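# Architecture and fold: a report
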Amino acid sequence: MSETVMEMDIIRQERQEVANRKTLGFWIYLMTDVVLFSSLFATFAVLRNAVASGPSGQDLFSMPFVLGETLVLLTSTFTIGMAVVLAKRGFKIAALFNLLLTFGLGVAFLVMELTEFTEFVHEGASWQTSAFLSSFFALVATHGLHVAFGLLWMLGLGIKMIRRWGKETDLGRLALLGTFWHFLDIIWIFIFTFVYMIGVLG
Amino acid sequence: MNERGLGNKVLSYVIGFVMSAATTVVAYILVVERIWPTDVIIFTVVGLAILQLVIQLVFFLHLGQEKGQYWTLVTFWFAILVIAILVGGSIWVMYHLNYNMMNMTPQEQAQYMAHNEGI
């Protein structure tokens, strides 16, 4: 009897160690992604005034719209945090509801971003117009692609969690997805500040 | 974990969310209303962005609050160092180039090149 308890303890410990290693590995991936984004930010900082007689940020950006995008993404990073915490404590319905909410907000964010992009292109401000716009689209669309990938991940994981609720490894994956999503919101803070707000100030 | 642990985690997320939303809205109002000189607004807004970064690292990612995060913190600070070199270095170099492209209009650049190189 006590031997099996000890064995269970060892198994649990080993699982914890594997989970810790996965978390660290994923974190290191995120740090490399940060470096990718920082190179795009550096490119944008250098080229932001190279408008080639085309429209500048001041002419293009609609600030209330961008504030809306920011608050949508901020709320989604809050709801996924709630989903992670609730799932860990075993609250199935509440956790899945928060995950669904996050998914909806993520889709809303992407739709808003694509609306903005199509508007810019219709106004004659495409990525071919100027170096400023090339670096703008490269930076903001790379972030958007990350959001799209996160949504696909969320969809797959959400379906798995509905079908086999309570698996330990799923909780680990959800925690990693949560970290990824928080990271995307942190990147967006800096896009909001350096691209949009300082861009509008001129 | 017990109920109290759950309450603490939820509270941490609520605090982080409220503070992040507040910094975002304050920065937005500063930019849209433009009461202060532009330079002051830019410094304040960048400061608020860094403040929000710290808020989200502490209240959402719980960085440095759990045991055994040594390598997480090492890779984090290394990434910060790389960002500082990459972004700071790029901007510094581009501002100090001979032709100083970032502060000139295309006309000024053409004039400068014609004067110095005969192009």
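Structural notes, computed from the coordinates. None of these values were measured; they are calculated from a predicted model. (Residues numbered from 1 in each chain as written. Chains lettered and ligands numbered in written order. Predicted model: local features only at pLDDT ≥ 70, side-chain atom pairs only at ≥ 80, totals over all residues. Heavy atoms only, no water.)

## A look at the interface of chain B and chain A
Contacts between the two partners involve 44 residues from chain B, matched on the other side by 40 residues from chain A. Of the roughly 3800 Å² buried at the junction of chain B and chain A (both faces included), carbon and sulfur atoms supply 84%. The tally of links between chain B and chain A comes to zero salt bridges. Applying the counting criterion to the chain B and chain A interface returns five residue pairs in polar contact (both at pLDDT 80 or more). Secondary structure elements with two or more residues in the side of chain B that touches chain A: helix H1 (3–33), helix H2 (38–59) and helix H3 (70–95) of chain B. Counting residues per element, the side of chain B that touches chain A draws most heavily on H1(B), at 15 residues. The residue makeup of the side of chain B that touches chain A, split by class, is 31 nonpolar, 10 polar and three charged. (Contact = heavy atoms within 4.5 Å. Buried area = accessible area lost by both parts, 1.4 Å probe. Salt bridge = Lys/Arg side-chain N within 4 Å of Asp/Glu carboxyl O. Polar contact = N/O pair within 3.5 Å; in protein donor to acceptor, adjacent residues only side chain to side chain. Helix = DSSP H or I, 4+ residues; strand = E, 2+ residues; numbered from the N terminus. Nonpolar A, V, L, I, M, F, W, Y, C, P; charged D, E, K, R; others polar.)

## As for a nonpolar patch on the surface
A cluster of nonpolar side chains, contributed by Leu11(B), Ile15(B) and Met19(B), occupies part of the molecular surface with about 240 Å² of accessible area. Examined against the element boundaries, Ile15(B) turns out to sit in helix H1. (Patch = residues over 30% accessible without salt bridge, like charges linked within 9 Å, V, L, I, M, F, W, Y side chains within 5 Å. Areas by Shrake-Rupley, 256 points an atom, 1.4 Å probe, with all protein chains shown as cover.)

## Some thoughts on the pattern of salt bridges
All names here are of chain A. The final tally for this structure, using the stated rule, is three salt bridges over all chains. Salt-bridge contacts for Asp 170 lead to Arg 164; the nearest nitrogen and oxygen are separated by 2.9 Å. Look at Arg 164 and you get partly exposed, because its relative accessible area is 32%. Note that Asp 170 and Arg 173 form a salt bridge whose closest N and O atoms lie 3.1 Å from each other. With Asp 170 and Arg 173 both in helix H6 (residues 168–201) and three residues apart, this pair spans about one turn of that helix. On the basis of relative accessible area, Asp 170 is assigned to the buried category, the value being 1%. Judged by its relative accessible area of 32%, Arg 173 is partly exposed. (Buried < 20%, exposed > 50% of the residue type's maximum accessible area, 1.4 Å probe, protein only.)

## Quick word on the nonpolar core
Core analysis: the biggest nonpolar cluster contains 82 residues, and Phe61(A), Phe136(A), Trp188(A), Ile191(A) and Tyr196(A) have the highest contact counts within it. Of all the elements in the fold, those that place two or more residues in this core are helix H1 (2–47), helix H3 (63–88), helix H4 (92–122), helix H5 (131–163) and H6 of chain A together with H1, H2 and H3 of chain B. Setting aside anything within four residues of it in sequence, one finds Trp188(A) in contact with Val66(A), Glu69(A), Thr70(A), Leu73(A), Phe109(A), Glu113(A), Val140(A), His143(A) and Tyr196(A). (Core = buried A, V, L, I, M, F, W, Y, C linked by side-chain atoms within 4.5 Å.)

## Re empty space enclosed by the protein
The tally for this structure, following the rule as stated, stands at one cavity of 30 Å³ or more. Approximately 60 Å³ is the volume attributed to the largest cavity. Along the walls of the largest cavity sit Ile189(A), Phe192(A), Thr193(A), Met197(A), Thr23(B), Thr24(B), Ala27(B), Val45(B), Leu48(B), Ala49(B) and Gln52(B), which together make up its complete lining. Among the elements of the structure, H6 of chain A together with H1 and H2 of chain B are those that each provide at least two residues to the lining of the largest cavity. Here the residues of the lining of the largest cavity are counted per class, giving seven nonpolar, four polar and no charged. (1 Å grid on protein atoms, 1.4 Å probe; cavity = no way out; pocket = protein on both sides within 12 Å on 5 of 7 lines; lining within 4 Å. Points joined across faces, edges and corners; volume = space filled by probe spheres on them.)

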